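Structural features, examined
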Amino acid sequence: MKVAPSILSADFGNLQRDVEAICAAGCDYVHVDVMDGHFVPNLTIGPVVVSAIAACATKPLDIHLMVENNTFFVDLFAPLKPEYISFHIEEEKHPHRLIQKIRSLGIKPAIVLNPHTPPEAIEYLLADLDMVLLMSVNPGFGGQSFIESVVPKAKKLSAMRDEINPKCLIEVDGGVSDKNVKLLKEVGVDIVVAGSYVFNHENKKTAIESLKI
Ligand SMILES: O=C(CO)[C@H](O)[C@H](O)COP(=O)(O)O
Ligand SMILES: [Co+2]
């Protein structure tokens, strides 16, 4: 299992310290939650702060857009050369076009599904994706409880992925801890995002290692 700690739970007064700490503790990606106050009822960070994160991160960025105008934000963040940019299928009229655009910028495209969105919603996009991100909380806030229905959903998506595009990774985001990571591993999940679990743990290295099963 690969691990992408979400900097949403970092201490923003000590952002450089916390980004360096998770990278030194062995994370695989730095998960960056971008919220615009419209698609979700919360507002986080823009390109000024994300470029400061990119400057001190020694691991690739995994940018999770929770915004209304995806194309605008892709253009804002592309110069930072993240590994992935993911956007919500619920907020995009032309997802295939946006996948092509993200790839043309040299970034791996990913799509996010909210808890209620079935995997079939992206069946005809799967061949063109590098990753699918399944939300296991309602997007907008860290520290929420894990929604169990993501487990059978990930199992269904994993079967679709094996048939259509075995290289496409499955990521799960929200309420992940050492208590549920095994269930996710068993149904074919490749990457977990963990914010509060990693940042509230007394030892970030121990927390990250407990998820790398
Ligand atoms: O996208 C997100 C919220 O919309 C965050 O990545 C997610 O909530 C991680 O935080 P936690 O592990 O505390 O649930
Ligand atoms: Co996220």
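Residues numbered from 1 in each chain as written. Chains lettered and ligands numbered in written order. Predicted model: local features only at pLDDT ≥ 70, side-chain atom pairs only at ≥ 80, totals over all residues.

**Quick look at the site of ligand 1**
Worth spelling out the cut-off: Throughout this description, a residue near a molecule or strand is one whose C-beta atom, derived from the backbone, lies within 6 Å of it. A run of H or I in DSSP counts as a helix once it spans at least four residues, and a run of E counts as a strand once it spans at least two, with each numbered from the N terminus. When residue character is reported, Ala, Val, Leu, Ile, Met, Phe, Trp, Tyr, Cys and Pro are called nonpolar, Asp, Glu, Lys and Arg charged, and the others, Gly included, polar.
Contacts to ligand 1 come from 23 residues, most closely from Ser6, Pro139, Gly142, Gly195 and Ser196. Those elements giving two or more residues to the shell around ligand 1 turn out to be strand E2 (30–35), strand E3 (61–66), strand E8 (191–194) and helix H7 (196–200). Of the residues contributing to the shell around ligand 1, the split by class is 9 nonpolar, 12 polar and 2 charged.

**A word on the UniProt feature "binding site: a divalent metal cation" (unreviewed entry) in the protein**
Using the following cut-off: UniProt positions are given in the numbering used here, feature names are shortened, and annotations may be inferred rather than shown by experiment. Residues are treated as contacting if the C-beta atoms built from their backbones sit within 7 Å of each other. Three exposure classes are used. Buried residues have 20 or more other C-beta atoms within 10 Å of their own C-beta, exposed residues have 12 or fewer, and partly exposed residues fall in between, all C-beta atoms being placed from the backbone.
Mapped onto this structure's residue numbering, the UniProt feature "binding site: a divalent metal cation" (unreviewed entry) falls at His31, Asp33, His64 and Asp173. The greatest C-alpha distance among the annotated residues, which extend across 143 residues, is 10.6 Å, indicating that they converge on a single site. Within the secondary structure, His31 sits in strand E2. In this structure, His31 is in contact with Ala4, Pro5, Ser6, Ile7, Asp62, His64 and Val193, ignoring residues within four places of it in sequence. Within the secondary structure, Asp173 is located in strand E7 (residues 169–173). The exposure class assigned to Asp173 is buried, which follows from the 25 C-beta atoms found within 10 Å. Setting aside residues up to four positions removed in sequence, Asp173 forms contacts with His64, Leu133, Met135, Ser136 and Val193.

**Some words on the packing of helix H1 (residues 15–24) against helix H2 (residues 47–56)**
Each pair of packed helices gets described by two things: the angle between the helix axes and the distance between those axes. As a reminder of what qualifies: Here, axes are lines fitted to C-alpha atoms. For helices the fit covers the stretch in contact, and angles between N-to-C directions go from 0 to 180 degrees. Working rule for angles: under 35 degrees goes down as roughly parallel, over 145 as roughly antiparallel, 65 to 115 as roughly perpendicular, anything else as oblique. In a left-handed crossing the near helix is turned counterclockwise from the far helix by less than a right angle, and in a right-handed crossing that turn is clockwise.
The interhelical angle for the contact between H1 and H2, taken along N-to-C directions, is 45°, at an axis separation of 9 Å. By the criterion of interaxial angle, the relationship of H1 to H2 is oblique. Crossing angle aside, the handedness with which H1 passes H2 is right-handed. Between H1, through Leu15, Gln16, Val19 and Glu20, and H2, the contact on the second element is made entirely by Ala52, Ile53 and Cys56. In terms of residue class, the contact of H1 with H2 is built from 5 nonpolar, 1 polar and 1 charged.

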